[in-house]
Each structure stands twice: as structure tokens, then as C-alpha cells.
Amino acid sequence: MPIRKAVIPVAGLGTRFLPATKAQPKEMLPIIDVPVVQLVIEEAVQAGIEDILLITGRGKRAIEDHFDRSVELELFLERAGKPELLREVRHVSELADLHFIRQKEPRGLGHALLSARQHVGDEPFAVLLGDEFYDARQPCIGQLVDCHAQTGTSVLAAMRVERREVSRYGIIQGSREGERLHRVEDLVEKPAPEEAPSNLAIAGRYVLTPDIFGYLENLGPGRGGEIQLTDALALQNQATGMYAYEFHGLRHDVGDRLGYLKATVLAALERPDLHREFRRFLLEVTERLAAEGAPSRRSGTGRGRG
Ligand code: G1P
């Protein structure tokens, strides 16, 4: 069955990025001038998915406004004779067939997903976490859609992480069935490094079969007291099996400060209108840093200038 629908949970509080995310959603943080959530939606659209449900929460109004028409702004740009900006602004509101639903309380990813049940109905669907985006020739979610077409099961995006980082991810115990394909044997959400069955982590892209809702519905709180999607997946795996696919491409975790910085720098290096000057600037800075020596020998840390 083709994948026609995607769900993008954007209800998380963004505590890793305070104070910037106190009054604005973390998913609206821009990579230069495009909010992350727009990049996520564009990924789904590139994979041929145009029915997209965003699960929002309190304080996420800016996301709805971003994808709505902005009549005043359009009028202004038209009168000011700025056709390119006008096209850009209209493009955002015409990207896809977007739907919004609110998660009433922040009770975890699994709980958020459960509120998509009615909209999704009885067909397999894609899930894209709204605070990470992927740089890949074929969109990451498209790679999973192809994989699902072969297996017919749920498919998780997977990636290798450092051992000391396993406690930030759902971790996969699996057996390799192809160059990038693993049959899942078990899943555990955010284990301690000494308890992790591997360093193969779940990334923020999934294709799920709709029976996942039955498992989510009956689930008690898991890690961190939240309803965890990973726990429901582990139950679904016991019943019907599933696969994990080590995707091609680069993942950017924008909810993380360093991840955000790296994503922004790489994006600037790829932008035709910016890359030349920005590259020159980076070279100057790195030369200066090299001349100054290692950070431990320099005075000042953190936010101040020392
Ligand atoms: C969620 C999932 C986790 C997965 C991660 C990928 O965690 O629960 O299994 O590895 O996304 O980013 P979160 O980052 O929302 O805590």
C-alpha cells in the first residue's frame, strides 16, 4: 500500500533550547531563513506525501500561522514590487494539504501519536519528528517508504551513535539482513550505555503500520514517565516483526544547540547566495583560532568574551 499520509509531532517543549524556545516553538528555529518544520514538510512532499497532520500543543500557534496565507504581507510585497519574495511566501502556504491537531498535555511521543489515529485511519503512514531534518539525495522518509514497499512491516530509520550517547535514543537489537537492513529483535528506549544491546539508534523517521495505535492505546508510562513510541514498537515487533534501515545522508538534530549550529553552518556553505563570502569568513576564523591555540589555553569560556 502506498504511503499517502504523514504525521509530524511538534508538541515537545524544547527545553534543550531555552530561553530561545520560551515563547516560540523549537520547530520554528530557522536554518538561515527557513524554519526547521518547513524543511521537514518539504522532505515529506519530496517523497510524494501531501496529506500531513501536525500534532501541536500549547504555545505552537506560530507554526500554524507560518503555513497559513498572510494576506497583508502578500499585498505589501505585491505593492512593493517584490515578486520573488511574494512567490516564496505563497509557496509556504501551498506546500501540502496540512492539518493540525492539539495534544492537550505533554505526555510523550507515543501519546502525541495516538491523537493521529482518527486522521490516519487504517493505512500505513509516515512519522517525521519535527525538530530534526535530513540532508540526503533521496529524502530519508522516501528511503523508508521504499523499504516498507518491500517488507510490508513498520520500518524505522536507524543510525550508529557513540556508545556514550545511547541514552539519548531508542536502541535497536537486530540482525543484519542486507547492507543497510536489520531485522529488529528488540527495542529499548534510552538505555544506560552498559545496558544497551547495541549502538544502533532509532532516528526520527518511521513508516508505521496502523496496528501501532492498538499497542499505544494500552501502554502505561515508560522511560521518563512518558508514553513511549519505542515501547509500542517493541510490542508490535513481537507480534508482526519489523525492520530498521540505516539511511543514506546526514541527520541534523536541531533541538540540540551544537546540532543546530552545525546544521546552520553546513546550510550556509551550500547556499549559492551565501557560500562564497561565508566560506571566506570561516577560513579567516579558523586561521585565527589555529594561531591562538587550543581553547583550554585561551581565556574565557561560555557566553562571555572572557
Ligand atoms: C525520540 C524517540 C527515540 C528516538 C529519538 C530520535 O526521542 O523516543 O526513540 O531515538 O526521538 O531523535 P526524543 O528525542 O524525542 O527524546
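Residues numbered from 1 in each chain as written. Predicted model: local features only at pLDDT ≥ 70, side-chain atom pairs only at ≥ 80, totals over all residues. Heavy atoms only, no water.

J.: Give a description of the site of the ligand that names residues and reports values.
T.: The full set close to the ligand counts 13 residues, and Glu 132, Gly 170, Glu 189, Lys 190 and Ile 202 are the nearest of them. Here an oxygen atom of the ligand and a side-chain polar atom of Glu 132 are 2.7 Å apart. In the model, an oxygen atom of the ligand is placed 2.7 Å from a nitrogen or oxygen of the Glu 189 side chain. Across the complex, the protein chains shield 79% of the 380 Å² of accessible surface that the ligand would expose by itself. Here the shell around the ligand gets four residues from one element, more than from any other, and that element is strand S11 (residues 200-208). Across the shell around the ligand, the residue classes tally to five nonpolar, four polar and four charged. (Near = heavy atom within 4 Å. Polar contact = N/O pair within 3.5 Å; in protein donor to acceptor, adjacent residues only side chain to side chain. Areas by Shrake-Rupley, 256 points an atom, 1.4 Å probe, with all protein chains shown as cover. Helix = DSSP H or I, 4+ residues; strand = E, 2+ residues; numbered from the N terminus. Nonpolar A, V, L, I, M, F, W, Y, C, P; charged D, E, K, R; others polar.)

J.: Which residues make up helix H10 (residues 257-270), and what values do they have?
T.: Across its 14 residues, H10 extends 20 Å between first and last C-alpha, which sits within 8% of the 20 Å expected from 1.5 Å per residue. Here H10 has its buried residues at Gly 259, Tyr 260, Ala 263, Ala 267 and Ala 268. Seen along its axis, H10 keeps its buried residues to an arc of 160 degrees; they face one direction. Residues of H10 that are exposed and point more than 90 degrees away from the buried face comprise Leu 258 and Leu 261. (Expected span 1.5 Å × (residues − 1). Buried < 20%, exposed > 50% of the residue type's maximum accessible area, 1.4 Å probe, protein only. Arc of directions from axis to C-beta.)

J.: Account for the side chain of Thr 153, with residues named and values stated.
T.: With respect to the secondary-structure elements, Thr 153 resides in the loop between helix H7 (140-151) and strand S8 (154-160). Side chain to side chain, Thr 153 and Thr 151 meet in a polar contact 3.1 Å long.

J.: Describe the pattern of salt bridges, naming the residues involved and giving the relevant values.
T.: Applying the stated rule across the entire model yields 19 salt bridges. Among the ionic pairs, Glu 74 bridges to Arg 90, the shortest N-O distance being 3.0 Å. Of the two residues, Glu 74 is situated in helix H3 (residues 71-79) and Arg 90 in helix H4 (residues 83-93); the sequence distance between them amounts to 16 residues. For Glu 74, a relative accessible area of 3% puts it in the buried group. One salt bridge in this structure joins Arg 168 and Glu 165, with 3.7 Å as the shortest N-O distance. Residue classification places Arg 168 among the partly exposed positions, given a relative accessible area of 37%. Several salt bridges converge on common partners, so that one network encompasses Arg 16, Glu 132, Glu 165, Arg 168, Arg 251 and Asp 253. (Salt bridge = Lys/Arg side-chain N within 4 Å of Asp/Glu carboxyl O.)

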